[in-house]
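Summary of structural features
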Amino acid sequence: MSQASTLTQLHIGLGSFHRAHQAVYMQNLHEQGDTRWQIIGGNIRPDMLDTVAALKSQHGAYTLETVSPAGEHVYQYIECIKQIVDYDPQLEGLTAVAVDPNTRIISFTVTEAGYYLDANNDLDETFADLRSDLSGKTCSTLYGAMALLLEARRQQDAGAVTLMNCDNLRSNGTRFYAGFQQFLERQGKTELLAWVRANTRAPNGMVDRITPRPTPDVRERVLAATGRDDPAALMGESFIQWVLEDDFIAGRPEWEKAGVEMVEDVTPYEEAKIRLLNATHSCVAWAGTLRGYYFIHEDCTDPDVVQLAYDYVTNDAIPCLDTPEHPCPLDLAKYRDVVLERFANPNIQDANPRVVMDTYAKIPSMILPTIRDCLAAGRSAASVSMLPALFLAFLQRQQRGEIPYEYHDQSMTAESARTICTSDDPVKAYVAERLLFDDIAGDERLLAEMRGAYERVQQFIEKKR
């Protein structure tokens, strides 16, 4: 097939996860001889400039190292990203790709905090960059960028396009679509909103692969193993999974031939992943940091840390996901054990700072649903309450400058952290924070659970001493 007829997936967010996950599936199709689709990638903010420059110098190609729990290293050369778009504030480069009729999918990875949504899927305008985009002064958020790209596509009559969320967010397509339509409504862009509703789809998807930030030794190992000095090299675990709702308006690659699970409903898969993997990941990272560890696999050498994670999943998460009324199609106990085995992989070198970041977005999405379910059923929430209690202890140390690394949280405000940590009753102030606990903030049952959990966390911290 000629290059002119090649169909394009435009991807926003050239971070490690996209390059170790979605791009791998496209590469696998190419290696099977199916080159009907390509990826073109770029960023909507001036992020990762060195990596982007390295990718551009290599025409989008890079080396992925994967490592199994047994220590097996495999190297794959990824060449399916055929063009790297330079960043510019007006997004002219991305727009040029978006208006091409052969661009049929616009996908994105902007992290959980990049959606500015509360638990009701309403846009939260407390964020300055979102307000700036709503005013039309900038286009630095996903919504502002997408509005710009799709308005240009509409004016060029370039046809329908699927908007594919690849972030770690429950009901990710649905939530993005709700936020985007609200954004357009608040901007008064009625013509574009009508066009979006008629000419786009936003499928839900569940994505999974642990992908640490690349360190210099990855480049060294790639050079030793392949002979390629690759400044854009990265690594991830050998495990990979992508479950995707088959709802595309303008065609899609035959991803099922590359291992993607194309389904009608991703809900049971994403609930298992978010509650059993993502929430557990944060639990291990908070607890490990409080015990003085830096890497996730180090956390998992501590039986007390592992027990916290195991108890959370076994006592509270699984009973919420697998009920007589709604039995889960997955073997959740096996899923739990595989997750803990993956976390313990010493070859991944995944660091606590990466996993704990953006907790103010993670607690509402990953942990609060299990707390709600436990309270609604009248059950104890003792095990799941340990997770936010661990973060409270983490936050107190962070505010005192006692965390040995920089903590990044796009959703946390300085006022919120200060109010909680300077309160005479920090547990009560913490439970009252709507940014974290939304509609059950201040709930007396939650407060009672958190008081007990906070005491147990203090005992957990002291035991190390």
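Before going into details, it helps to say that this report is about the structure given with it. Throughout, residues of each chain are indexed from 1 in the direction in which the sequence is written. In keeping with the predicted nature of the model, local features appear solely for residues at pLDDT of at least 70, side-chain atom pairs appear and are counted solely at 80 or more, and the whole-chain, interface and lining totals rest on all residues. Each side-chain value is worked out from all heavy atoms of the structure, with water and hydrogens disregarded.

Turning to empty space enclosed by the protein, a few remarks are in order. The way it works is a 1 Å grid over only the protein atoms, where trapped points that fit a 1.4 Å probe form a cavity and open points with protein on both sides within 12 Å along at least five of seven lines form a pocket, and then any residue with an atom within 4 Å of a point lines it. Grid points are joined across faces, edges and corners, and a volume is the space filled by probe spheres set on the points. Inspection of the entire model under this criterion finds 2 cavities of 30 Å³ or more. The wall of the largest cavity is formed by Ile210, His281, Ile296, His297, Arg342, Phe343, Asn345, Ile348, Gln349 and Asp350. Listed by contribution, the elements that provide at least two residues to the lining of the largest cavity are helix H11 (296-299) and helix H13 (332-343). What lines the second largest cavity is Asp167, Asn168, Leu169, Arg170, Gly205, Met206, Val207, Glu270, Lys273 and Ile274. Mapped onto the lining of the second largest cavity, the elements with two or more residues apiece are strand S9 (205-208) and helix H10 (267-290). Any residue outside Ala, Val, Leu, Ile, Met, Phe, Trp, Tyr, Cys, Pro, Asp, Glu, Lys and Arg is labelled polar, Gly included; the first ten of those are nonpolar and the last four are charged. Residue composition of the lining of the second largest cavity, by class: 4 nonpolar, 2 polar and 4 charged. Runs of E in the DSSP output that reach at least two residues are strands. Runs of H or I that reach at least four are helices, and both are numbered from the N terminus.

In this analysis, the expected span of each helix is defined as 1.5 Å times one less than the number of residues it contains. End to end, helix H12 (residues 303-321) covers 25 Å across 19 residues, agreeing with the expected 27 Å (1.5 Å per residue, within 8%). At any given residue, the bend is defined as the angle formed between two axes, one fitted to the seven residues that end at that position and one fitted to the seven that begin there. A bend of about 35 degrees at Val313 is the largest found in H12. Along H12, the positions that sit buried rather than exposed are Val305, Leu308, Ala309, Tyr312, Val313, Asp316, Ala317, Ile318, Cys320 and Leu321. Each polar contact in these results corresponds to two N or O atoms within 3.5 Å; when the atoms are within protein, one needs to be able to donate a hydrogen and the other to accept it, and residues that are neighboring in sequence are counted only if both atoms are side-chain atoms. Where H12 begins, the side chain of Asp302 points an oxygen toward the backbone nitrogen of Asp304, at a separation of 2.9 Å. Categorising residues by exposure relies on relative accessible area from a 1.4 Å probe, with only protein chains included: less than 20% of the type maximum marks a residue as buried, more than 50% marks it as exposed, and the intermediate range marks it as partly exposed.

A word on the sheet that holds S9. Following DSSP output, two strands are said to pair if at least two bridges run between them. Taken in spatial order, the 3 strands make up an open sheet running S9-S11-S12, and their pairing is mixed. Of all the strands in the sheet, just S9 and strand S12 (261-263) have a single pairing partner and so form its edges. This sheet shows a mean twist of 15 degrees between the axes of neighbouring strands, independent of strand direction. Direction of pairing for S9 relative to strand S11 (residues 241-245): antiparallel, over a ladder of 4 bridges. Within S11, the residue paired with Asp208 across the bridge is Gln241. Here an angle of 0 to 180 degrees is reported between the N-to-C directions of two axes, which are lines fitted to C-alpha atoms, with helices fitted over the stretch in contact.

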